[in-house]
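What follows is the residue order along each chain.
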Amino acid sequence: MISVQVEKNQSGFMIQAEFQAPAKGVTALFGPSGAGKTSIINMVAGLLRPDSGHIQVNGRCLFDSRQGIDLPPERRGVGYVFQDGRLFPHLSVKSNLTYGMRGTPKEQRYVTFDQVVDLLGIGHLLDRRPARLSGGEKQRVAIGRALLANPSLLLMDEPLASLDGPRKAEVLPFIGRLAEAFAVPILYVSHAREEIESLAGTVLNVAAGGIVAADSGVAARSGPRAPVDAALPKAY
């Protein structure tokens, strides 16, 4: 279970978000630009410090303001895929991928190099540099690098936002297979309804810095908003 309750004042914009998400599948943070979605997952990643609250992943505390716990990003066991991939331009695809493995002891690795390469269909790209990749190929490599860090949670911040229609269609099926293939929960940020309808089992609707409702993926696809389940997020 992923448990998040955070408050953060960002120059007058208040984020007050509380939710619980299942420890499997894709949970989407869905809402318009400026709603606070990226700030919320940046707090989960340790890139932004909440003013108060707590963050737990599968019972492991990453942040707790009362107990004085604030693990640095590299100790949180969280993978992050950004909008632009952020690959190392001087490294080959293979070296970019294996870079993600360096911080994880062999005995703690549940994802293998060959598994990732096969699932993402990037075996023919291993000797290339990022400059010779298409946008969709770069994002698949970025996803692979994040997975090879063997995270307990994968964060994806609008990973398709910079891609055109054909490239989005290329990458979307690969993302859809991740959670099932590797049993890693995913928090997926987007304001694109078609992505959410395709991927998410749980949808957290974000507005004005808070979670305003929670829908099942089925409810999101069918249109009407489902009532907030008391066992899922607390609404603001």
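Above this text sits the structure in question.
Residues numbered from 1 in each chain as written. Predicted model: local features only at pLDDT ≥ 70, side-chain atom pairs only at ≥ 80, totals over all residues. Heavy atoms only, no water.

Chemist: Go over the sheet that holds strand β2 (residues 13–21), please, and point to the residues and values.
Modeler: Across the sheet, which stays open at both edges, the five strands sit in the order β2-β1-β4-β5-β6 with antiparallel pairing between neighbours. The open sheet has two free edges, formed respectively by β2 and β6 (69–70), since each of these has just one partner strand. Sheet analysis places strand β1 (residues 2–10) next to strand β4 (residues 52–57), joined by six bridges and oriented antiparallel. The partner of Gln5 across the bridge, within β4, is His54. On the sheet, helix α1 (residues 37–45) packs against β1, β2, β4 and β5 (60–64) and is oriented at approximately 65° with respect to β2. (Pairing = 2+ DSSP bridges. Helix = DSSP H or I, 4+ residues; strand = E, 2+ residues; numbered from the N terminus. Contact = heavy atoms within 4.5 Å. Axes fitted to C-alpha atoms, helices over the stretch in contact; angles between N-to-C directions.)

Chemist: Before we move on, can you summarise unusual backbone geometry with the specific residues and values?
Modeler: You will see that Asn150, though not glycine, has its phi angle at about 55°, which is positive. You can call Asn150 buried: its relative accessible area is 10%. At Ala208, a position not held by glycine, the phi torsion is positive, near 50°. Within the fold, Ala208 resides in the loop between β10 (202–207) and β11 (210–216). (Buried < 20%, exposed > 50% of the residue type's maximum accessible area, 1.4 Å probe, protein only.)

Chemist: Outline the nonpolar core, listing residues and values.
Modeler: Of all hydrophobic cores here, the largest spans 42 residues; its most connected members are Leu97, Ile143, Leu154, Leu178 and Tyr188. Among the elements of the structure, β3 (26–30), α2 (93–99), α3 (113–120), α4 (135–147), β8 (153–157), α5 (165–182), β9 (186–190) and α6 (193–199) are those that each provide at least two residues to this core. In terms of residue count, the dominant contributor to this core is α5 (seven residues). Tyr188 has contacts with Val26, Thr27, Ala28, Leu29, Met156, Pro159, Leu160, Ile175, Glu195, Ile196 and Leu199, leaving out every residue within four places of it along the chain. Ranked by size, the runner-up nonpolar core spans 31 residues in total, among them Met43, Leu48, Phe63 and Ile211. (Core = buried A, V, L, I, M, F, W, Y, C linked by side-chain atoms within 4.5 Å.)

Chemist: Account for the pairing of β5, with residues named and values stated.
Modeler: Among the five residues that make up β5, four are buried, leaving the element largely enclosed by the rest of the structure. The pairing of β4 with β5 spans four bridges and is antiparallel. Within β5, the residue paired with His54 across the bridge is Asp64. The hairpin formed by β4 and β5 contains two residues between the paired strands, and Asn58 there has a positive phi angle of roughly 50°.

Chemist: I'd like a description of the side chain of Ser190, backed by residues and values.
Modeler: By secondary structure assignment, the location of Ser190 is in strand β9. The class for Ser190 is buried, based on a relative accessible area of 1%. Engagement of the side chain of Ser190 in a polar contact is seen with the backbone nitrogen of Ala192, the distance being 2.9 Å. In terms of polar contacts, Ser190 uses its side chain to reach the side chain of Glu195, at 3.2 Å. Not counting residues within four places of it along the chain, the set of residues in contact with Ser190 comprises Leu29, Phe30, Gly31, Lys37, Glu158, Glu195 and Ile196. (Polar contact = N/O pair within 3.5 Å; in protein donor to acceptor, adjacent residues only side chain to side chain.)

Chemist: Talk me through the environment of Pro185; I want residue IDs and the actual numbers.
Modeler: Along the chain, Pro185 falls in the loop between α5 and β9. A relative accessible area of 3% places Pro185 in the buried class. The spatial distance from the C-alpha of Pro185 to the C-alpha of Pro22 is 7.5 Å, given a sequence separation of 163 residues. Excluding its chain neighbours within four sequence positions, the residues that come into contact with Pro185 are Ile2, Pro22, Ala23, Lys24, Gly25, Ser152, Leu153 and Leu154.

Chemist: Residue-level account of the packing of aromatic side chains, with values.
Modeler: By the definition in use, this model includes two aromatic pairs. Geometrically, the ring pair formed by Tyr80 and Phe82 is stacked, given 4.1 Å between the ring centres and 5° between the ring planes. By relative accessible area, Phe82 is classed as buried at 19%. A cation sits over an aromatic face here: Arg86 above Phe82, 3.9 Å from the ring centre. Positioned over the ring face of Phe174 is Arg177, at 5.1 Å from the centre of the ring. (Phe/Tyr/Trp six-rings, centres within 6.5 Å; stacked < 30°, edge-to-face > 60°. Lys NZ or Arg CZ within 6 Å of the ring centre and 35° of its normal.)

From the geometry alone we can't say anything about function, so treat these as descriptive.
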